[in-house]
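Each chain, letter by letter, is given below.
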Amino acid sequence: MKERIGVYICHCGGNISDYVDVVELGKMFHKEENVVISKDVMFACADSNQIEMVKDIQDNKLDAIVVCSCSPKLHLHTFKNVAARAGLNPSNYVQVNIREQCSWPHSDRPREATVKAAGLIRAGINRVSFSESLENIELTVKKSVMVVGAGVAGMKAAIDLARSGNEVFLIEKDYFVGGRIAQKDKLFTTGQSGKEIITSLYNEIKKYPNITIFTGTTISKVSGSLGNFNVDVAVKPRYINGKADKQAVKRAMEECPVLVDDDFNLGLTKRKAIYKNYAEALPDVPVVYAELLKDETDFIAKFASTLNLNEQEETISLIVGSVLVTTGYDNYQPKEGELGYKTIDNVLTLPELNRLIELNPDKLVHNGKQINSVAFIYCVGSRQKKGDNKYCSRQCCTSTINTSLQLKEKYKEFQTYHVYRDIRTYGKQEILYTQSSKQGDLYFKYEDKDKDFPVVEKVGKSTIVKVKDSLTDRKDLEIEADLVVLVTGMVAREDATHISEMFKIPIGRDKFFNEIHPKLKPVETVIKGVYIGGTCQGPKNVSESVQSSLAGASKITALLKTGTISVDPIIARVDTDACTWCGKCADVCDYGALKVVEIDGKKVAAVNKAVCTGCGICAPVCPVNAIEIAQYTDNEIESMIDGFMKDVQIKEKDVNAEEVQEEATVGMKEYPQVWKEIMAGITDGKNTIPQITLNTKLKSEVVTYHLMTMNRYGVVVASGMDEKQEYYYYKVK
């Protein structure tokens, strides 16, 4: 047990001390057994206090510390680093959250907040008494990376990883790289086509000998862990003889007698059974639908030296240190009859319209009829009240308006109508909305509460969109258009579940992959060494997709650069004397971190340190209590409960906000140095911020920031304004 513990209770600039009597708590815990130091401090996280904590630990030979302040999410690592700098093992530090758990939620009952804080602090002291000095786990890692998905996000990440010296395996399920961006023509803001971007990225990739591209490839098996993932990939054949003459391959494509629906053009056209997605598709090797050609014996005989229909699927085993998943998205597919889709012949989705535009360079034609007007209906498959897709797909509004501008630019005399709930062209994309409005596009807003609108109907030869327009005092309007386009959002890929199962990546309610934290760890998953980027984790535009995949690439480079990594020691551990191996722990472990081993002829559970996340799900299912989690042992948890349940004696007095503020101000032992400088700079009784800045030589933003806190804490007060009514005067209270 720890016998020399230091306790630091933070005022947090009044955030805590306004409602929790931190001064009284500091006095109370000074009397606690094994507590050597108990202080109330103004800002525990301040540099000055960190320096003092280091000195306390060294001078008083503290063997554990407890900091009672804000959420561990904010400053857990701050104080672990303080402990490390003082020579104290960081595992012998506990943070107690008395701001979010006491002062903020119980500001209306300050005395009870103080009592609760006392219980939590005593629980923290009891816990740290049983803490152990743990060392990080060192693992050797392989400097190679698998990027799953060769869309624009995956290709950019592969280049960045290769440039940093990593071996890269770029895996693509389709036979051609580029993903869905290849189906897009003119992109905002560069004006480049998706195909141009893909060609440029592919040519860049070919410059790096440490990038290997696998197309027509799927993940079949994953084992191992961070630093050494063993991944089996299944490479499907193209059924083209690799030594065949290019002209012979071209003739085979031209003379192929079998036609099939063109998936790349979303079924709007047909293509040969020997095909490329488009003429410039890369790699520059076509693919054969072998099953559809098996009865074409004459054709097969003619091109026997070109085709290799006996080619077999090949499985390749790869070893990588980390994985970046950039598998992209699918477009929402409307149900039959949804706003006339599949039941009215001139109702299409936005992706289908984009393909139609590229296929019609001179005039827009659909079903043999020239199209001169289009009505867009927004939020189809997004922001659903009753469906699964509750989220906004972010990029749909911009994509639609960009398409509208292209229609006007390409076909000149053209009218577009926009039936929308909300327009979300955020950031620079607002430019598109302005251009669209100026060129004469008409916008009609409908409300969520209008359950029966919009409606798409076929009236004679005309297609009518009915809408209750909020912009015209909710009038019922009818829009006649040659083509109705449903603006569909992004949804998770159909194979997302397969990838999730292979790499153990959690899936959210929206069916996209889940990161650990959208702000603190936006590209990391709960599986160590597995990262996500691009639209596989949620709707994004091209720029945002690339940014997130590059973030994942930089994380991986930092992880693998030294060849070894340090892993958090908070993992499960097994008491082999108690374990009888029943297998229950392995059954519930989502990460495959537990397996059976034999020790001295006895079967027991063993923990894979590289895989275990310390989630603790294995511990409660063990019938003989042979498993515990480091830093969450039975002794630590039970002692916390005992500490929290112990009676707390607080002086009988009303601790209201005004009294606490006054007491805290008087009882403050020492102001930060910068506060002293600001107070010295307030000459003539009172000064404005510019005057104080001039007097102190501090930056104005530093003076402003600290004055606000000093005012909040009651050290200074505002005292009127200057003659021009521009600045407040401040004086020392």
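One structure accompanies this document, and this report is about it. All values derive from a computational prediction rather than experimental measurement.

Moving on: the pairing of strand β10 (residues 228-235). A large share of β10 lies buried, amounting to six of its eight residues. With eight bridges connecting them, strand β9 (residues 217-225) and β10 associate as antiparallel partners. Bridge pairing in β10 links Ser223 to Asn230. The pairing of β10 with strand β15 (residues 314-320) spans seven bridges and is classified as antiparallel. Paired with Val235 across the two strands is Glu314, which belongs to β15.

For the structure shown, the criterion picks out 32 salt bridges. Among the ionic pairs, Glu100 bridges to Arg99, the shortest N-O distance being 2.8 Å. Judged by its relative accessible area of 28%, Glu100 falls in the partly exposed class. Judged by its relative accessible area of 11%, Arg99 is buried. The residue Arg271 makes a salt bridge to Asp262 at a minimum N-O spacing of 3.2 Å.

Right, let's talk about the sheet that holds strand β16 (residues 322-325) for a bit. Within a sheet, neighbouring strands are paired by backbone hydrogen bonds and run either parallel or antiparallel to one another. Taken in spatial order, the five strands line up as β8-β7-β6-β16-β29 in an open sheet, and their pairing is parallel. A single partner strand is all that each edge strand has here, and the edge strands are β8 (211-214) and β29 (530-532). With strand direction ignored, the average angle separating the axes of adjacent strands in the sheet is 20 degrees. In this sheet, strand β7 (residues 167-171) lies alongside strand β6 (residues 144-148) in parallel orientation, the contact comprising five bridges. Bridge assignment links Met146 to a residue of β7, and that residue is Phe169. Along the sheet face, helix α15 (residues 542-560) touches β6, β16 and β29 and points at about 180 degrees away from the line of β16.

Empty space among the atoms becomes visible once a probe the size of a water molecule is rolled across them. Applying the stated criterion to the full structure yields five cavities of 30 Å³ or more. For the largest cavity, the calculated volume is near 160 Å³. Around the largest cavity sit 14 residues that line it, and Lys184, Tyr329, Asn331, Pro351 and Asn354 are the ones nearest its centre. For the lining of the largest cavity, the elements supplying multiple residues, two or more each, are β17 (329-331), α11 (350-359) and α12 (396-411). Here the residues of the lining of the largest cavity sort into six nonpolar, six polar and two charged.

Taken together, Tyr632, Ile637, Ile641, Phe644 and Met645 make up a surface patch of nonpolar side chains, about 510 Å² in accessible area. Mapping Met645 onto the fold places it in helix α17 (residues 634-645).

About the criteria used
Residues numbered from 1 in each chain as written. Predicted model: local features only at pLDDT ≥ 70, side-chain atom pairs only at ≥ 80, totals over all residues. Heavy atoms only, no water. Buried < 20%, exposed > 50% of the residue type's maximum accessible area, 1.4 Å probe, protein only. Helix = DSSP H or I, 4+ residues; strand = E, 2+ residues; numbered from the N terminus. Pairing = 2+ DSSP bridges. Salt bridge = Lys/Arg side-chain N within 4 Å of Asp/Glu carboxyl O. Axes fitted to C-alpha atoms, helices over the stretch in contact; angles between N-to-C directions. Contact = heavy atoms within 4.5 Å. 1 Å grid on protein atoms, 1.4 Å probe; cavity = no way out; pocket = protein on both sides within 12 Å on 5 of 7 lines; lining within 4 Å. Points joined across faces, edges and corners; volume = space filled by probe spheres on them. Nonpolar A, V, L, I, M, F, W, Y, C, P; charged D, E, K, R; others polar. Patch = residues over 30% accessible without salt bridge, like charges linked within 9 Å, V, L, I, M, F, W, Y side chains within 5 Å. Areas by Shrake-Rupley, 256 points an atom, 1.4 Å probe, with all protein chains shown as cover.

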